[in-house]
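# Descriptive structure summary
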Amino acid sequence: MTWKKEVNSEHSRSSDYILIALIVFFLIGVIFRTPVAFIGVGIFAAYLVVYKIYDRGLGRKLELENISKTVRLFPGEEANLRFQLKNYSTFPMVNGSFKVQLGPSIKAYTLVEDKGDYWKQLKIPLSVLQKRNTIIEFPVVAEQRGVSKVSNVKFDFPHLLNFNLVTLVYRRLYQTEFIVYPKLLPVHGVEAIFHMIPGEGRANFSPFEDIQSPLGTRDYSYSDPFHRINWNASVKSQKMQTNVYERVVDMSYVFIVNLGTENDLNMSSFSKNLENLLSYTAYLSEYATKTGVPYEIYINSRRPGKVPYVYLPEGEGKTHFAHTLEMLARIHKQSMILPFNQMLYRLGKQFIKPKTVIIIGDVPTGAMEMISTWKQTQNTVFQITGTKDGAVVRPLRKEKMTYAT
């Protein structure tokens, strides 16, 4: 059964009172042989039958349309939340109230003005007529980053025959969810870190070559390394020939986000600037998407599985950016933190080819030693730092560690 019926103690007594009255009138009619008493018996018997039919049918023929739906919004954007109830019963349910509870990421200001009431259920007056479809629709506003789902769906209404309050509780999970993306807080100076580093992309002008992709040969020059001489071509042409290879670049970013911060006891806890850190990450991802540069993201929010942190594989384009925004939106404010240095240790084993690394968040004690080993394969490591005028990108230096705000 989709709905669970909840009633008070007075409700169950009502049918008992009717049954007692029926028995009393029946005994009066038998003992005193009064025809009027049997009329009363018939009335109470008919009433009891209708009562039982109505009571047992409550919730059995009421259907709530529940289609899987995801609404994606940025903070400040509006959408409509819609419910459709179908009553297949011959009995109406009138003068009731439809109740739902929403997550904190969205608000329905047309229904509730006091923000404290959002921890309670929203109440909407509702009457559902027999053999009819009823639609409830109201606007909601994206308030803050996160995922909001509809929960605790209930329908309260007075019983049609005894007027006691009946509550129908929706048993299933309502499948409409609202994903509110993080704000895009700008990071100044990001264009300055657009480095050309060795990789797979082909380019006419690049200081890097792919020795696995030879283009041909040319005449030997005194500045050419000896190991680049092509001896077979030299014998055929009777001149010293040097191999020529494809020029390549790899413009790619690695965003490493530290959502934790260290206290005086070197214990990790959630950063108070968590929302800003995720907003900086969203902005950097948008910048990389606009410039056509692939990127990957590592976040030390703990998750179950072999990879104990949140990870988005390298990709590019609008689809990859959409996946990024959804991943950032789904990071819970109260999730557990994986020690940042532990994540860095795992990442260091994965970096085979050079990339541009940007650290977003605090750099804890001991991290610099690990990061310094990356510079054998990485071009430069940067960090997002906060200022009064917003966030900026700066090279990460051991002698001067900074912290994001």
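Under an unreviewed UniProt entry, the name given to the protein chain is DUF58 domain-containing protein, and the organism recorded is Ornithinibacillus salinisoli.

Assigned secondary structure in the protein chain consists of 7 helices and 24 strands. When each of the 405 residues of the protein chain is scored for burial, the buried share is 44%. Contacts in the protein chain between residues at least 24 apart in sequence constitute 73% of all its contacts with a sequence separation of at least 6. Split by element, the accessible area of the protein chain, about 22,400 Å² in all, is 55% carbon and sulfur.

Another point: the side chain of Asn87. Its place among the elements puts Asn87 in strand β4 (residues 78–87). Classification of Asn87 as buried rests on a relative accessible area of 2%. At a separation of 3.1 Å, a polar atom in the side chain of Asn87 contacts the main-chain amide nitrogen of Ser89. Filtering out sequence-adjacent residues up to four positions away, Asn87 remains in contact with Lys61, Leu62, Pro92, Met93, Val128, Leu129, Gln130, Lys131 and Arg132.

Our focus in this paragraph is the pairing of strand β21 (residues 309–315). By the bridge criterion, 5 bridges tie strand β20 (residues 295–302) to β21 in an arrangement that is antiparallel. Residue pairing for β21: Ile297 is matched across the bridge by Leu312.

This part takes up the sheet that holds strand β8 (residues 132–142). Within the open sheet, the 4 strands sit side by side as β2-β4-β8-β6. Their pairing is antiparallel. Two strands in the sheet have a free side with no partner beyond their single neighbour: β2 (62–64) and β6 (106–107). Note: β6 against β8, 2 bridges, orientation antiparallel. When the sheet's bridge partners are listed, Ile106 is paired in β8 with Ala142.

Right, let's get into unusual backbone geometry. Residue Asn95 is not a glycine yet carries a positive backbone phi of 55°. Here the phi dihedral of Lys131 falls at roughly 55°; this positive angle occurs in a residue that is not glycine. For Lys131, the position within the fold is in the loop between β7 (122–128) and β8. Under the relative-accessibility criterion, Lys131 is labelled exposed at 55%.

Right, let's get into the environment of Asn164. If you trace the backbone, Asn164 turns up in the loop between β10 (151–158) and β11 (165–170). Put simply, Asn164 and Val7 are 157 residues apart on the chain and 7.8 Å apart in space, counted from C-alpha to C-alpha.

Glancing now at the sheet that holds strand β12 (residues 176–180). Across the sheet, which stays open at both edges, the 3 strands sit in the order β3-β12-β9 with mixed pairing between neighbours. Because the sheet does not close on itself, it has two edges, and the strands there are β3 (69–73) and β9 (146–149). In this sheet, neighbouring strand axes are inclined to one another by 20° on average, regardless of whether the strands run parallel or antiparallel. Bridge analysis of β9 against β12 gives 4 bridges, and the strand direction is antiparallel. Bridged to Val147 within β12 is Ile179. Docked against the sheet, helix α5 (residues 318–329) engages β3, β9 and β12, running at close to 100° with respect to β12.

Because each turn of an α-helix spans 3.6 residues, side chains separated by three or four positions end up pointing in the same direction. Turning to helix α6 (residues 340–348), its buried residues are Phe340, Met343, Leu344 and Leu347. For α6, the arc enclosing every buried residue in end-on projection is 100°, short of the 170-degree limit, so these residues lie on one face.

What follows concerns the pairing of β8. Bridge analysis of β4 against β8 gives 10 bridges, and the strand direction is antiparallel. In the strand pairing of β8, Asn80 is matched with Pro139.

Rules of the game
- Residues numbered from 1 in each chain as written.
- Predicted model: local features only at pLDDT ≥ 70, side-chain atom pairs only at ≥ 80, totals over all residues.
- Heavy atoms only, no water.
- Helix = DSSP H or I, 4+ residues; strand = E, 2+ residues; numbered from the N terminus.
- Buried < 20%, exposed > 50% of the residue type's maximum accessible area, 1.4 Å probe, protein only.
- Contact = heavy atoms within 4.5 Å.
- Areas by Shrake-Rupley, 256 points an atom, 1.4 Å probe, with all protein chains shown as cover.
- Polar contact = N/O pair within 3.5 Å; in protein donor to acceptor, adjacent residues only side chain to side chain.
- Pairing = 2+ DSSP bridges.
- Axes fitted to C-alpha atoms, helices over the stretch in contact; angles between N-to-C directions.
- Arc of directions from axis to C-beta.

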